[in-house]
Amino acid sequence: MALSDSVTTCLSPSVHYVICKLGFEKKDAYDINNILSENGDVCWQAVTEHVCYLKSDQSVDYIKSIRSLGPVCESVNLHFKSLTKEQFVIQYALWFRWTNCTELFLEVFDILQYTQTTEVALGLMKLTSCLERALGDVYLLIGKDCPFLLRDLLASEQLAVVFGQAVMNVLRVFIGSPYGLNLRNVLWHGFASPQEIPAKYGAMLLFLTAGLGQLLQKYLLQTKCILVHRPYVIFVSLEELDVFPGKYLTISKFLLCYICYHLNHETLSIAEELVKLSSFVLKTMLPFWMAALTAFKQSRYADCVILLIPQLEVGLRLLFTRTNKCPNRLLTAEVKFLSKVNYDLMLAKHLDNEEVNQLPAVLEEPAMASEFLWDFLNHQEGPRIRDRLSHGEINLEAFPREVANQIVAFAITLLCRFSDEDMFAFKEHVVIKPLMNCASCYRSRFHPISRLKKQVLECMKNIHSWPELPTVPEEHVQRIKRLEGNAEASNLILMISEIVSQLQQYMPQNCYSSDDPIDNVLTERLLVALCDTHICTLYSPRPVLEIVVVLRKISTQCHQVSEQVIAITELRYKQWMNKTLRSRQRHNYLRMLNSIKFLSPVLRLILVLITLELVNVHLVYKKNPFDYQQYLKFLKSVLQYTENLVTYTSPEKNKWDETMELTKKALIKIRKISDRKLMLMQLAT
């Protein structure tokens, strides 16, 4: 029997006991009127009396507290079931407003009226994320930097000031502490199957959230503070997230009806069959997968992704534990393991015992799965979907279809990849094969190396727009050249030509013409070709990442210079035409026009150097680690030049003579760097 079939729970015996049994041991009925007053207020003193403390250090005794609160939770659950939706809205809706997600909490009430365990789990995941976000807003009434982790947020002095420490201890029994029920983490990390989460705990959290709203209102009235909700994170540049074929996973404005049908009734139908057959899916988790695909069909894209991301973690953890021969890691949600057996560990190069992680080697395309997951979940400049969803940073109602498209498509490729040979027909299906092809050639888009590529291309494009800027007749500029001489300019051009000639042998030969070592070599076409070179971003060495940080700073400064040149050129031309420039300003304007003719090839040279570093430094360091600290000094000297250039070319300074002198000194240093570069490239070859 396959492991995915034999596993009946991912909770260790002790955690399974805490979540599924401990809160049911006390059979005594509990009167709801003990904790709910006639006017609808939560009687917090009666609730907090059920929290028990250890005699040794007065910390929360989570086992006794869960056992004591069990009947209270059941009473709240029965109370909610006795209410109609209208009654619930009248009595409680007002007290959910502080969360900025009133409708979501009303939706959870609807879910609790039924016994669909998958929906209860989904409701709890959404409730805990929105509650965490709201508590963070409350924290900021007093504190400055909101803690990232829920457990730190609930343990903060700031929330204790607003709600009281005893109230916060009640919350920590249910969420936030790895020693309590820990419902948020158990669900978001995919350890709990649908039937393992009692609905009464969802009802209790709903009740407690309303009670927090009542306490907060009193605090705000007393302090005259105003609760401000932080804006939601909005995904920008969605086109960067478009990995898989559009015609299978996105809606065209012109083919809306056809493609909706195509997606819902073909691709997703095949996905539903794959879920039932793939060894990537634990059978106990099958309802989550089916619910996720149903949510996608119903255009509930946030729900779809919320359900899928923990299941991707479960499937990868199944592979991880099998390949690294540590089955206990699959079957536990113990305190000491819960924070470790997640995406971070599974995507790491080494295990926590320093042994090599075998998971990437098992994947048919190691870089594909790992780079995709790093891009969408971990990289700081990526969408970080799991973090943003689980911490309540995204407006669930406006969750973009484009993001859900990619997660669903990626999940389908994993279902196919880890399936039996007799599923060959699925893999070759006309709507599945393109997804597999796209997945197999995926390249990181949000790794610092990938972001640097994007930066240099945008900067080069910006610089290439300079010749289109409005300018005065050439004879005025020539007059400045005659007055100030051409020797200095000629020396600059000569140095640039020498550097370019040195580096030409390491550039793609079909991307430039050797007729002109500057204008025909330092081109956008060359840069595109260099950036198209595949660089493995997975497990980049720390020295390489440190170098990339400096290279990105250089690129950023170059772009700032270009933007300033464009702005000042357009402004001065307008002033020239309107004859509002004084004599000295006119003279300085003409010097500027003369200077930027030489500044353009210098900046383009720097961008080409940056990209050559990017292409080669990873390979060089891997083959022959060099003294990168010494090498960083060279790069930092170029960074210093670009930072000074930003200052001198700013509208406030406008120092073009100094810019030329600064450039001359910088080119001398760059020539030294190019010599060093030749050494590095020789090591690479």
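In this text the structure is predicted, and so the values were computed from the model without any measurement.

On to the overall build of the protein chain, then. When you go through the protein chain residue by residue, the secondary structure sums to 32 helices and zero strands. Here the protein chain holds 685 residues, and the buried ones make up 56% of them. Carbon and sulfur atoms form 53% of the exposed surface of the protein chain, whose accessible area is close to 30,100 Å².

Let's shift gears to the pattern of salt bridges. Scanning all chains against the criterion turns up 17 salt bridges. R317 is the salt-bridge partner of E313, the closest N and O atoms lying 3.1 Å from each other. One end of the pair, E313, and the other, R317, are both in helix 16 (residues 301-323), four residues apart, so they sit about a helical turn from each other. Like R317, E313 is buried. A salt bridge links E381 to R552, with the shortest nitrogen-to-oxygen separation between them at 2.5 Å. You can see E381 sitting in the loop between helix 20 (366-378) and helix 21 (385-390) and its partner R552 sitting in helix 29 (residues 542-577), a full 171 residues away along the chain. Owing to a relative accessible area of 17%, R552 belongs among the buried residues under this scheme. Through salt bridges with shared partners, a single ionic network connects E107, K126, R300 and D303.

Under the defined criterion, the tally for this structure stands at 18 aromatic pairs. Centroid distance F96 to F105: 5.1 Å. Interplanar angle 10 degrees. Geometry classified as stacked. Owing to a relative accessible area of 0%, F96 belongs among the buried residues under this scheme. When its relative accessible area of 0% is taken as the criterion, F105 is described as buried. Summarising the aromatic geometry, the rings of F372 and Y442 are spaced 5.5 Å apart at their centres and angled 65 degrees between planes, so their arrangement reads as edge-to-face.

Inspection of the secondary structure puts W95 in the loop between helix 5 (85-92) and helix 6 (102-112). For W95, a relative accessible area of 15% translates into the label buried. Through-space distance from the C-alpha of W95 to that of Q214 is 6.2 Å; in sequence the pair is 119 residues apart. When near neighbours in sequence (up to four residues on either side) are disregarded, W95 contacts T209, A210, G213, Q214 and Q217.

Glancing now at the packing of helix 7 (residues 117-139) against helix 16. Between helix 7 and helix 16, the shortest axis-to-axis distance is 11 Å and the interhelical angle comes to 100 degrees. Comparing their axes, helix 16 and helix 7 come out roughly perpendicular. Within the contact between the two elements, helix 7 uses L122, M125 and K126 and helix 16 uses D303, I306, L307 and P310. Counted by class, the contact of helix 7 with helix 16 contains five nonpolar, no polar and two charged residues.

Summarising the element assignment, T649 is placed in the loop between helix 31 (628-648) and helix 32 (656-684). Looking at T649, its side chain comes within polar contact range of the side chain of Q564, at 2.9 Å. Beyond its immediate stretch of four places on either side in the chain, T649 contacts V561, Q564, L599, W656 and T659.

Take the nonpolar core next. Counting 153 residues, the largest nonpolar core has F80, L135, F163, F174, L206, I385 and F399 as its most contacted members. With 14 residues, the single largest contributor to this core is helix 16. A domain split of this core shows at least three residues from each of domain 1 (13-223) and domain 2 (238-441). Those residues in contact with L135, other than ones at most four positions away along the chain, are W98, L153, L154, L159, F163, L171 and L212.

Before going further, it helps to spend a moment on the side chain of S65. Turning to its location among the elements, S65 is positioned in helix 4 (residues 62-81). Residue S65 is classed as buried on the basis of its relative accessible area of 0%. Each residue touching S65, except ones within four places of it in the same chain, is listed here: H50, V51, C52, V60 and V173.

To continue, consider helix 10 (residues 165-174). Judged by how many residues are buried, helix 10 sits mostly within the fold: seven of 10 residues are covered. Within the span of helix 10, buried status applies to V167, M168, N169, V170, L171, V173 and F174.

The next thing to look at is the packing of helix 15 (residues 286-297) against helix 16. Direction vectors running N to C along helix 15 and helix 16 enclose 155 degrees, while the axes themselves pass 8 Å from each other. Taken together, the axes of helix 15 and helix 16 lie roughly antiparallel to each other. The way helix 15 lies across helix 16 gives a crossing that is left-handed. Contacts between helix 15 and helix 16 involve F288, W289, A291, A292, A295 and F296 from the former and Y301, D303, C304, L307, L308, Q311 and L312 from the latter. A per-class count over the contact of helix 15 with helix 16 returns 11 nonpolar, one polar and one charged.

Turning to unusual backbone geometry, a few remarks are in order. The backbone of K224 shows a phi angle near 60 degrees, a positive value even though the residue is not glycine. As for its placement among the helices and strands, K224 is situated in the loop between helix 12 (199-223) and helix 13 (246-249). In this structure, Y539 is a non-glycine residue whose phi angle is positive, near 60 degrees. Along the chain, Y539 falls in the loop between helix 28 (524-531) and helix 29. Owing to a relative accessible area of 27%, Y539 belongs among the partly exposed residues under this scheme.

Before going further, it helps to examine the environment of A567. Take A567: it is sitting in helix 29. Counting along the chain gives 84 residues from A567 to P651, while the straight-line C-alpha distance between them is 8.6 Å.

As a further point, take the confidence of the model for the protein chain. The share of residues in the protein chain with pLDDT of 70 or more is 86%, and the mean pLDDT across the chain is 85. Helix 10 holds the highest mean pLDDT among the elements of the protein chain, 98, whereas helix 13 holds the lowest, 43. Scored below 50 in pLDDT, residues 246-263 makes 28 contacts in the model with residues more than four places away or belonging to other chains. In this model, residues 335-340 is a region of pLDDT below 50 whose contacts with residues beyond four sequence positions or in other chains number 12 contacts.

In this section: the state of the cysteines. Summed over all chains, the structure comprises zero disulfides. Of the cysteine sulfurs around C130, a residue in no disulfide, the closest is that of C101, at 3.6 Å. A residue is classified by how much of its surface remains accessible, and C130, at 6% relative accessible area, is buried.

How each quantity is defined
Residues numbered from 1 in each chain as written. Predicted model: local features only at pLDDT ≥ 70, side-chain atom pairs only at ≥ 80, totals over all residues. Heavy atoms only, no water. Helix = DSSP H or I, 4+ residues; strand = E, 2+ residues; numbered from the N terminus. Buried < 20%, exposed > 50% of the residue type's maximum accessible area, 1.4 Å probe, protein only. Areas by Shrake-Rupley, 256 points an atom, 1.4 Å probe, with all protein chains shown as cover. Salt bridge = Lys/Arg side-chain N within 4 Å of Asp/Glu carboxyl O. Phe/Tyr/Trp six-rings, centres within 6.5 Å; stacked < 30°, edge-to-face > 60°. Contact = heavy atoms within 4.5 Å. Axes fitted to C-alpha atoms, helices over the stretch in contact; angles between N-to-C directions. Parallel < 35°, antiparallel > 145°, perpendicular 65-115°, else oblique. Nonpolar A, V, L, I, M, F, W, Y, C, P; charged D, E, K, R; others polar. Polar contact = N/O pair within 3.5 Å; in protein donor to acceptor, adjacent residues only side chain to side chain. Core = buried A, V, L, I, M, F, W, Y, C linked by side-chain atoms within 4.5 Å. Domains from an automatic or database assignment. Left-handed = near helix turned anticlockwise from the far one by under 90°. pLDDT = per-residue confidence, 0-100. Disulfide = S-S within 2.5 Å.

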